[in-house]
Amino acid sequence: MEVAIRVRGVTKTYAEGAARVTALEGVDLDLHKGELLFLMGPSGSGKTTLLSIMGCILRSTSGSLQIAGQEVTDLSERELPQVRLSHIGFVFQAFNLFPTLTAVENVEVALELKGIRGTLARTQALRLLEQVHLDNKAFAFPADLSGGQKQRVALARALAGNPEILLADEPTAALDSHTGRSVLELMRQLAHDHNRAVAVVTHDSRIADLGDRVVHIEDGAVSSVKDLRRPEPVISPSHLPSHSDPQFTLARPL
Amino acid sequence: MPPLARRNLFHDKIRLAVTLTGITFAVVLVVVELGLFLGFTTTTSGLIDHSQADLWVASRHIPYIEQGALFSERKLYQVRATPGVASAEKYIARFANWKRPDGGHESVQVVGFNTDQAMGGPWNIISGSVADLKRPDAILVDDLYWNKLGITHLGQVFEMNGYRARVVGTTHGIRSFTTSPYIFTTFKNAQNFTDLEEEQTQFILVRAQPGVNLQQLQSNLQSRVHDVDILTTAQFSSMTRFYWMFTTGAGVAVLLAALLGLVVGIVVVTQTIYATTVDHLREYGTLKAIGAPNSYVYRVILQQAAMSAVLGYALGITVSLFVVHEAQQGGAAILLPWPMALLIFGLTLLMCAIAAAVSINKVTHLDPAMVFRG
């Protein structure tokens, strides 16, 4: 499978006064096209930090990052937004919709950023809303939508411009279990049917069965990787093969 | 383009009201202060600017028109005999004591001019005429000062420095900077009203022949007529304005108030636009996270600021026009010529741009990773 995001030896430390806090340490991870990958772990384990680095929103302290085969580790702050714009769609826990814009206009903003404007933008935005089964709410404002509907709008916005990577941070946290599951089923469909790489940070173990792989993060490092497409047991770090096998998350022992 | 800036601006009606109130307040403040400054400045030199003279002959080193010392009218003939002079007339602007019908006294400034020539006379005459001044004791008084002087109707007779004065006409909007109203009359009457000796004058107004080089004529007059200054109307106007505005400190105070108004305006507008930006910080963070370059976010903020500026200016200038109109009825001169209205529109845009720049600074340092924090 083609690698969409390659993370190698990524470490992230924060300075808190005189002390230094290590949020991630030596994380290796490949995200492939056509797969739905879950990043799971307890609060503060570093999974959102990892997602932020994978999304070129946060810079790692050390290590390297490749997006769609392009080395982006040393790109400038001016260049990173273009990488995000070209390759990545984001879905946020709190939806982060623009409350003053309708559902279709929310999607149009993302399309406009990608250079699609006017009638074409409106047509594509409506099509994306249709794709997430929300075409009947296209002209509703976020305040008039349920949590699940908001998240679908956010999903449609993330799909604007057809990015090959979708990164979602706790997309089901603000939803009930039924709605959350339907949103993740949609993401799974987007990964499988459109050969898209989808990574989802979640606490919700009930929906873990929807993923293709589940990566557990603990104390800033990958503690285990579970491939649900293969009838294999959980692989602990000590059993992991070398970096050469991109199918697996490679983590340094803590 | 999705109307993010417009929707953000109009979404929160209370915030919009606060923003527009701030800008409107700032615009009115600046209009009133700058308008007062302009009004005061214009008023100080009103007699000079409307004199229709090309040159003024005045006593040496005169700082402003009210300070003109007397000199012999023989100089008038020297002036008239100078090549290039089309006409020259005596002119006076001196203080006198006005007695009100109720027994009270007011200081007035008697302006005496030759009614046969179109130099130094009143303007904006709304009743009576310059010709009416040829009658003995006849005077013209601006309607702004009728109450102050106790005038109730045309033809009313008053006492001025012990002489009888009859109101035969009215002007409108001729304000005096010194608070002593102008009383227009003939030079001969003015001599009486101000106890001026025969064969004396305070100024000589000169009109040049068509095509004559004014600077050359000024130079010729200066060399032929001794112990006086020859000033162009523009020079005398500037000197008078400068004296009242800057030497006395009156203008500095008004100018400082205008600057203060501008600063207060900038602070108010900056605060409100900054608060609006902070309200939408998460949205700007989202825009940056999904790949919007800073320039896109700046554009949204600038559009919001520009829309605020245009709306606030429209409201502010409307209120200002009302204030200016009301001031026309009173003693305070607040002027709002269209170039100043344009300037203030520019200032409003500048205020909003500065406000936007402060907001932009906040957004520039916004960490897009904030979108992942709950």
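Residues numbered from 1 in each chain as written. Chains lettered and ligands numbered in written order. Predicted model: local features only at pLDDT ≥ 70, side-chain atom pairs only at ≥ 80, totals over all residues.

*Asks:* Could you give an account of the overall build of chain A, with specific residues and numbers?
*Replies:* Per the secondary structure count, chain A includes 6 helices and 11 strands. Radius of gyration (C-alpha) of chain A: 18 Å, near the 18 Å computed for a compact globule of 254 residues. Burial statistics for chain A: of 254 residues in total, 50% are counted as buried. In chain A, 67% of the contacts between residues at least 6 apart in sequence involve partners at least 24 apart. (Helix = DSSP H or I, 4+ residues; strand = E, 2+ residues; numbered from the N terminus. Rg over C-alpha atoms; globule rule 2.2 N^0.38 Å. Buried ≥ 20, exposed ≤ 12 C-beta atoms within 10 Å, placed from the backbone. Contact = placed C-beta atoms within 7 Å.)

*Asks:* For the overall build of chain B, give the residues involved together with the corresponding values.
*Replies:* The secondary structure content of chain B amounts to 12 helices and 12 strands. On C-alpha atoms alone, chain B measures out to a radius of gyration of 28 Å, which is more than a quarter above the 21 Å that the 2.2 N^0.38 rule sets for 374 residues. Taking the principal axes of the C-alpha coordinates as reference, chain B spans close to 95 × 50 × 30 Å. Counting only residues that meet the buried cut, chain B has 47% of its 374 residues in that class. Here the analysis covers contacts within chain B between residues at least 6 apart in sequence; of these, 83% occur between residues at least 24 apart.

*Asks:* Any chance you could break down the domain arrangement of chain B for me, citing the residues and the numbers?
*Replies:* How big an interface is tends to be reported as the loss of accessible area on association of its parts. All names here are of chain B. Segmenting chain B into domains produces domain 1 (4–43 + 249–372) and domain 2 (61–226). Using only C-alpha atoms to locate each centre, domain 1 and domain 2 end up separated by 46 Å. The interface of domain 1 with domain 2 comprises 5 residues on the first partner and 4 residues on the second. Looking at side-chain class alone, the side of domain 1 that touches domain 2 contains 2 nonpolar, 3 polar and no charged residues. (Domains from an automatic or database assignment. Nonpolar A, V, L, I, M, F, W, Y, C, P; charged D, E, K, R; others polar.)

*Asks:* For the interface of chain B and chain A, give the residues involved together with the corresponding values.
*Replies:* Each partner contributes residues to the interface: chain B has 21 residues there, and chain A has 24 residues. Sorting the residues of the side of chain B that touches chain A by element identifies α1 (4–11) and α10 (281–289) of chain B as the ones contributing at least two each. Among the elements that make up the side of chain B that touches chain A, the one with the highest residue count is α10(B) (5 residues). Considered class by class, the residues forming the side of chain B that touches chain A number 12 nonpolar, 5 polar and 4 charged.

*Asks:* Describe the environment of Gly251(B), naming the residues involved and giving the relevant values.
*Replies:* When you line up the elements, Gly251(B) lands in helix α9 (residues 250–279). As for Gly251(B) and Thr41(B), which are separated by 210 residues in sequence, their C-alpha atoms are 7.6 Å apart.

*Asks:* How would you sum up unusual backbone geometry? Please name residues and give values.
*Replies:* You will see that Asn162(A), though not glycine, has its phi angle at about 55 degrees, which is positive. For Asn162(A), the location among the structural elements is in the loop between α5 (147–158) and β7 (165–169). Notably, Asp227(B) is not glycine yet its phi reads approximately 60 degrees, a positive angle. Among the secondary structure elements, Asp227(B) is positioned in the loop between α7 (214–224) and β12 (228–232). Residue class for Asp227(B) comes out exposed when judged on the 9 C-beta atoms lying within 10 Å of it.

*Asks:* Could you give me a rundown of the confidence of the model for chain A, with the residues and numbers involved?
*Replies:* Residue and element names in this part refer to chain A. Averaged over every residue, the pLDDT of chain A is 87; the share at 70 or more is 90%. Within chain A, no element has a lower average pLDDT than strand β11 (residues 250–251), which sits at 36, and none a higher one than strand β4 (residues 62–67), at 96. Every residue in residues 238–254 is under pLDDT 50, and counting partners more than four places away or in other chains gives 27 contacts. (pLDDT = per-residue confidence, 0-100.)

*Asks:* Account for the sheet that holds strand β8 (residues 197–202) of chain A, with residues named and values stated.
*Replies:* Residues and elements named next belong to chain A. Reading across the sheet, the 6 strands line up as β6-β7-β8-β3-β9-β10 and stay open at both edges, with mixed pairing between neighbours. Pairing within the sheet leaves two strands with one partner each, and these edge strands are β6 (88–91) and β10 (221–227). Averaged over neighbouring strand pairs, the angle between their axes works out to 20 degrees when direction is ignored. With 4 bridges joining them, β6 and β7 adopt parallel strand pairing. Within β7, the residue paired with Gly-89 across the bridge is Leu-166. In this fold α5 packs onto β6 and β7, with an angle of close to 170 degrees to the strand it touches most, β6. (Pairing = 2+ DSSP bridges. Axes fitted to C-alpha atoms, helices over the stretch in contact; angles between N-to-C directions.)

*Asks:* Tell me what's going on with the environment of Ala174(A), and back it up with residues and numbers.
*Replies:* Here Ala174(A) is to be found in the loop between β7 and α6 (177–193). Each C-alpha atom, one on Ala174(A) and one on Gly148(A), is 8.5 Å from the other, the two residues being 26 residues apart in sequence.

*Asks:* How would you sum up helix α2 (residues 80–87) of chain A? Please name residues and give values.
*Replies:* Residues of α2(A) that are buried: Leu80(A), Pro81(A), Arg84(A), Leu85(A) and His87(A). For α2(A), the elements touching its buried residues are β4, β6, α3 (103–113) and β7 of chain A together with α10 of chain B.

*Asks:* I'd love a proper account of the nonpolar core, names of residues and values included.
*Replies:* Counting 180 residues, the largest nonpolar core has Leu39(A) and Val57(B) as its most contacted members. Examining the composition of this core, we find that 12 residues originate from one element, helix α2 (residues 13–44) of chain B, more than from any other. Residue assignment places this core across two domains, with domain 1 (4–43 + 249–372) and domain 2 (61–226) of chain B each supplying three or more. In this structure, Leu39(A) is in contact with Lys47(A), Leu50(A), Leu51(A), Ala199(A), Val200(A), Val201(A), Val215(A) and Ile217(A), ignoring residues within four places of it in sequence. (Core = buried A, V, L, I, M, F, W, Y, C linked by C-beta atoms within 7 Å.)

*Asks:* Run through the confidence of the model for chain B, naming residues and quoting values.
*Replies:* A residue-level look at chain B finds 98% of positions with pLDDT of 70 or above and a mean pLDDT of 88. Model confidence for the complex is summarised by a pTM of 0.74, with the ipTM given as 0.84.

*Asks:* Tell me about α5(A), and name the residues and values.
*Replies:* Residue and element names in this part refer to chain A. Here α5 spans 16 Å end to end across 12 residues, near enough to the 16 Å set by a 1.5 Å rise per residue. Burial of α5 is extensive: 10 of the 12 residues sit out of reach of the surface. Listed as buried for α5 are Gln-149, Lys-150, Gln-151, Arg-152, Val-153, Ala-154, Leu-155, Ala-156, Arg-157 and Ala-158. (Expected span 1.5 Å × (residues − 1).)

*Asks:* Can you tell me about the packing of α3(A) against helix α4 (residues 118–131) of chain A, naming the residues and giving the values?
*Replies:* How two helices sit against one another is set out by the angle between their axes and by the gap between those axes. Residues and elements named next belong to chain A. Two elements in contact, α3 and α4, have axes whose closest approach is 9 Å; the angle formed by their N-to-C orientations is 120 degrees. As far as their axial angle goes, α4 and α3 are oblique. Considering how the two elements wind past one another, α3 and α4 form a crossing that is right-handed. Residue-level contacts link Ala-103, Val-104, Val-107, Glu-108, Leu-111 and Glu-112 of α3 to Ala-121, Arg-122, Gln-124, Ala-125, Leu-126, Leu-128 and Leu-129 of α4. Broken down by class, the residue content of the contact of α3 with α4 amounts to 9 nonpolar, 1 polar and 3 charged. (Parallel < 35°, antiparallel > 145°, perpendicular 65-115°, else oblique. Left-handed = near helix turned anticlockwise from the far one by under 90°.)

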